[in-house]
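Architecture at a glance
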Amino acid sequence: MEIIILLVVVAIAVVVSNKVGGKEDKPAPVVQPVQALDDLPFGNWAWIDECKPAKADGDETNGAQDLMFALAYEVATRGTRPRFIGVTRSQKHGIDKQPTLEMIKALCSNAPVYAGNSQYNAYKSELSDAIIAESKVRNLDIVSGAPAYDIQYALQNGAKLENIRFYGLLRETWNAEKYPAFIEASKVIPKLLGESRVVEVKAPDYYHMLFRANLPAEYRDTEAFIHRNRKLKAWNLACSPGVIARNKQLNRNNDPKRTGGLRAGADCMALVARNGENILDAGHLFSNVQHGLDIFRDRIERGAVNTL
């Protein structure tokens, strides 16, 4: 009995000593797992363009920035991501969807990316298959800044025509010139869909966003606009050194009247038209694009992750 009493006294003394010395055991903090944020619904639209080329030399390089503009504008105005993104071939380096896929992964928008045909012809491709499949189950607005031969193939080979509307650059643009497939697609698509379901951005309007004077004052310093959004990794990928250098070259060797390293806006006018708004209102476009880029950055900070 005395031994038991002695043990109890010792135990009490140890507990008191630990409390005095600040050594009281504390429960481990409960760490809540970060939930993958997925609050961006799919819209009934698809984006099709050359997007980001594998290499910048010798190619048109507006595609990467235009893609970012499109995704940002749409999330700011309608709050959706596209059903899919189609990557068509570039002039010099053919087709490679990987650089575009890397951008989409970094953006955590989780929209599928499909490749068009590797030739300038209306042939079967991942992209044409996606158009056909989606059109069979829902209305689909195709928004395109690229030559439309992949779209043509889909329309002629099983797509549900009454579910499709086209918005983009087709007739009276480069996409309807030079190559026979471009010219054919620009004629076939309006015939198949009907003029009422084809909304086009034509010359000279699609040059509008390439001139600083047409931009609102706060966006005329395009280098500052590019720089302040570089914290967003996907935007940084879209504005790689090669893309910026080539854009300046295409902007007449960085003519100060033009927009320098930024060549974006023409294709996105098609999305503005889809919203029923003035395609030449650069303030509307740029302010929503900036808002959309901020939304994407905030989503990532709140836990959005890539699932592709």
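Up top you'll find the structure we're talking about.
Residues numbered from 1 in each chain as written. Predicted model: local features only at pLDDT ≥ 70, side-chain atom pairs only at ≥ 80, totals over all residues. Heavy atoms only, no water.

On to the packing of helix α2 (residues 63-77) against helix α3 (residues 98-107). Packing of α2 against α3 leaves a shortest axis separation of 11 Å and a crossing angle of 35 degrees. Two packed elements cross with a definite hand, and for α2 against α3 that hand is right-handed. Facing α2, whose interface residues are Ala64, Leu67, Met68 and Leu71, α3 presents Thr100, Met103, Ile104 and Leu107. Taken together, the residues of the contact of α2 with α3 sort by class into seven nonpolar, one polar and no charged. (Axes fitted to C-alpha atoms, helices over the stretch in contact; angles between N-to-C directions. Helix = DSSP H or I, 4+ residues; strand = E, 2+ residues; numbered from the N terminus. Left-handed = near helix turned anticlockwise from the far one by under 90°. Contact = heavy atoms within 4.5 Å. Nonpolar A, V, L, I, M, F, W, Y, C, P; charged D, E, K, R; others polar.)

Along strand β2 (residues 84-87), one buried face is formed by Phe84 and Gly86 and the opposite face, lined by Ile85 and Val87, is buried too. Where strand β1 (residues 45-49) meets β2, four bridges bridge the pair, whose relative direction is parallel. Within β2, the position partnered with Asp49 by the bridge is Val87. At this point the chain moves from β1, through α2, to the parallel β2, and the crossover so formed is right-handed. (Buried < 20%, exposed > 50% of the residue type's maximum accessible area, 1.4 Å probe, protein only. Pairing = 2+ DSSP bridges. Right-handed = clockwise from strand over helix to strand, strands pointing away.)

With respect to topology, six strands assemble into an open sheet ordered β3-β2-β1-β4-β5-β6, the strand pairing being parallel. At either margin of the open sheet sits one strand with a lone partner, and together these are β3 (113-115) and β6 (198-200). Adjacent strand axes in the sheet meet at a mean angle of 20 degrees, parallel and antiparallel pairs treated alike. Where strand β4 (residues 140-144) and strand β5 (residues 164-168) come together, five bridges link them in parallel fashion. Among the inter-strand pairings, Asp141 is bridged to a residue of β5, identified as Arg165. Contacting β1 and β2, α2 runs over the sheet at an angle of about 165 degrees to β1.

Moving on to the packing of aromatic side chains. Aromatic ring pairs are reported here in terms of the distance separating the ring centres and the angle at which the planes meet. Summed over the entire model, instances satisfying the criterion amount to 15 aromatic pairs. Judged by centre distance (4.8 Å) and plane angle (80 degrees), the ring pair of Tyr120 and Phe182 falls under edge-to-face. One end of the pair, Tyr120, is in the loop between β3 and α4 (126-135); the other, Phe182, is in helix α6 (residues 180-193), and 62 residues separate them in sequence. Linked through ring pairs, Phe69, Tyr219, Phe225, Trp235 and Phe286 together constitute an aromatic cluster. Here Arg89 stacks its cationic end above the ring of Tyr120, 4.3 Å away from the centre of that ring. (Phe/Tyr/Trp six-rings, centres within 6.5 Å; stacked < 30°, edge-to-face > 60°. Lys NZ or Arg CZ within 6 Å of the ring centre and 35° of its normal.)

Our next topic: the nonpolar core. Residues Trp47, Met68, Phe69, Phe225 and Trp235 are the most contacted members of the largest nonpolar core, which totals 53 residues. The element contributing the most residues to this core is α2, with nine residues. Here Phe69 is in contact with Phe225, Trp235, Leu262, Ala264, Gly265, Cys268, Leu285, Phe286 and Val289, once residues within four sequence places are set aside. One finds Leu127, Ile131, Ala148 and Ile151 within the second-largest nonpolar core, a separate group that totals 21 residues. (Core = buried A, V, L, I, M, F, W, Y, C linked by side-chain atoms within 4.5 Å.)

Don't take any of this as a statement about function, it's just geometry.
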